[in-house]
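These are the residues of each chain, in order.
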Amino acid sequence: MDIVIRAAVVFVLLWFVLRVSGKRQVTQLSAFELILLVTLGDLISQTVLQEDLSLTGGTLAVATFTLLSVLLSWLSWRFRRSRRLLEGEPTILIKDGHVDDEVLRYERLPMDDVLAAAREHGVRDLADVDLMVLEPDGTFSVFTRSDSGGSEDPPKQGAEVT
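Quick notes on the rules
- Counting starts from 1 at the beginning of each chain's written sequence and moves along it residue by residue.
- Given that this is a predicted model, residues contribute local features only at a pLDDT of at least 70 and side-chain atom pairs are listed and counted only at 80 or more, while totals for whole chains, interfaces and linings are drawn from all residues.
- Derived side-chain values reflect all non-hydrogen atoms in the structure, with water molecules and hydrogen atoms excluded from consideration.
- UniProt positions are given in the numbering used here, feature names are shortened, and annotations may be inferred rather than shown by experiment.
- By the criteria applied, helices consist of DSSP H or I runs no shorter than four residues and strands consist of E runs no shorter than two, each listed in order from the N terminus.
- A simple rule labels every residue: compare its accessible area, found with a 1.4 Å probe on the protein chains alone, to the largest value its type can have, and call it buried under 20%, exposed over 50%, or partly exposed in between.
- The contact definition used throughout considers only heavy atoms, calling two residues in contact when any of these lie within 4.5 Å.
- Only the protein chains shown count as covering a residue, and every accessible area follows the Shrake-Rupley method with a 1.4 Å probe.
- Exposure above 30% relative accessible area and the absence of a salt bridge qualify a residue for a patch, where like charges join within 9 Å and nonpolar side chains (Val, Leu, Ile, Met, Phe, Trp, Tyr) within 5 Å.
- Should a side-chain nitrogen of Lys or Arg be within 4 Å of a carboxyl oxygen of Asp or Glu, the pair is scored as a salt bridge.
- Counting of polar contacts relies on pairs of N or O atoms within 3.5 Å, with two restrictions inside protein: one atom must be capable of donating a hydrogen and the other of accepting it, and residues adjacent in sequence are counted only when both atoms are side-chain atoms.
- Each pair of strands is called paired provided DSSP finds at least two bridges between the two strands.

- As recorded by an unreviewed UniProt entry, the protein chain carries the name DUF421 domain-containing protein and is attributed to Jiangella ureilytica.
- According to UniProt, the comment filed for the protein chain under the heading Subcellular location (unreviewed entry) is "Cell membrane".
- Reading the Sequence similarities (unreviewed entry) entry of the UniProt record for the protein chain gives the comment "Belongs to the UPF0702 family."

## Quick notes on the overall build of the protein chain
- A count of helical and extended segments in the protein chain gives 7 helices and 4 strands.
- Ordered by position from N to C terminus, the α and β elements of the protein chain give α-α-α-α-α-β-β-α-α-β-β.
- Counting only residues that meet the buried cut, the protein chain has 26% of its 162 residues in that class.
- When contacts within the protein chain are restricted to residue pairs at least 6 apart in sequence, those whose partners lie at least 24 apart make up 61%.
- Accessible surface computed for the protein chain: about 11,900 Å², of which carbon and sulfur atoms make up 61%.

## As for a nonpolar patch on the surface
- A grouping of Leu71, Trp74, Trp77 and Phe79 is seen on the molecular surface, where their side chains present a nonpolar patch of about 470 Å² in accessible area.
- Tracing the chain through its elements places tryptophan 74 in helix α4 (residues 55-78).
- The class for tryptophan 74 is partly exposed, based on a relative accessible area of 41%.

## Here's the deal with unusual backbone geometry
- The backbone of aspartate 96 shows a phi angle near 55 degrees, a positive value even though the residue is not glycine.
- Here arginine 108, not a glycine, exhibits a phi torsion of approximately 55 degrees, which is positive.
- Turning to its location among the elements, arginine 108 is positioned in the loop between α6 (101-107) and α7 (111-120).
- Residue classification places arginine 108 among the partly exposed positions, given a relative accessible area of 43%.

## Some remarks on the side chain of serine 141
- For serine 141, the position within the fold is in strand β4 (residues 140-144).
- Within the structure, the side chain of serine 141 is placed 2.7 Å from the side chain of glutamate 135, a separation counted as a polar contact.
- Excluding its chain neighbours within four sequence positions, the residues that come into contact with serine 141 are Leu131, Met132, Val133 and Glu135.

## Side note on the pairing of strand β3 (residues 129-134)
- With 4 bridges connecting them, strand β1 (residues 91-95) and β3 associate as antiparallel partners. Bridge pairing in β3 places isoleucine 92 opposite valine 133.
- Sheet topology places β3 next to β4; 5 bridges connect them, and they run antiparallel. Bridging from a neighbouring strand, valine 133 pairs with serine 141 of β4.
- Connecting β3 to the antiparallel partner β4 that follows it, the hairpin turn spans 5 residues, and glycine 138 within it adopts a positive phi of roughly 95 degrees.

Below you can see the structure in the form of structure tokens.
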């Protein structure tokens, strides 16, 4: 039972650390940061298991992490209000071609990363961006003014859009 309690405490600590560290850091790790994360995982496993290398101890720790992950996923699905806390929420970075510098500062997101994301979505000029959103998983969604309609007729109700 001690292993289950230690695993649960470390799980909550890791969840908190990942939420505080920001969206960008989780998905854009450098090689060094990846090695550091793996090393951190090893250190955490030693903390959780207190050097217990038994099959039972390892199984209990993995089962506890898995159970807590499934529980958080279920809570997020079942209780819509908990999603913001558990998963984060999308953040608007650019609206109508105007960059929100305060949001970039809060997210600790350099302008170079915003420009790179725009280029990856085929945008040459940020003035053409209707909306750029930093998603909770760290990806960028970019909507340009040309995405919002244009000269094409809107699809009729029940018509398949290709």
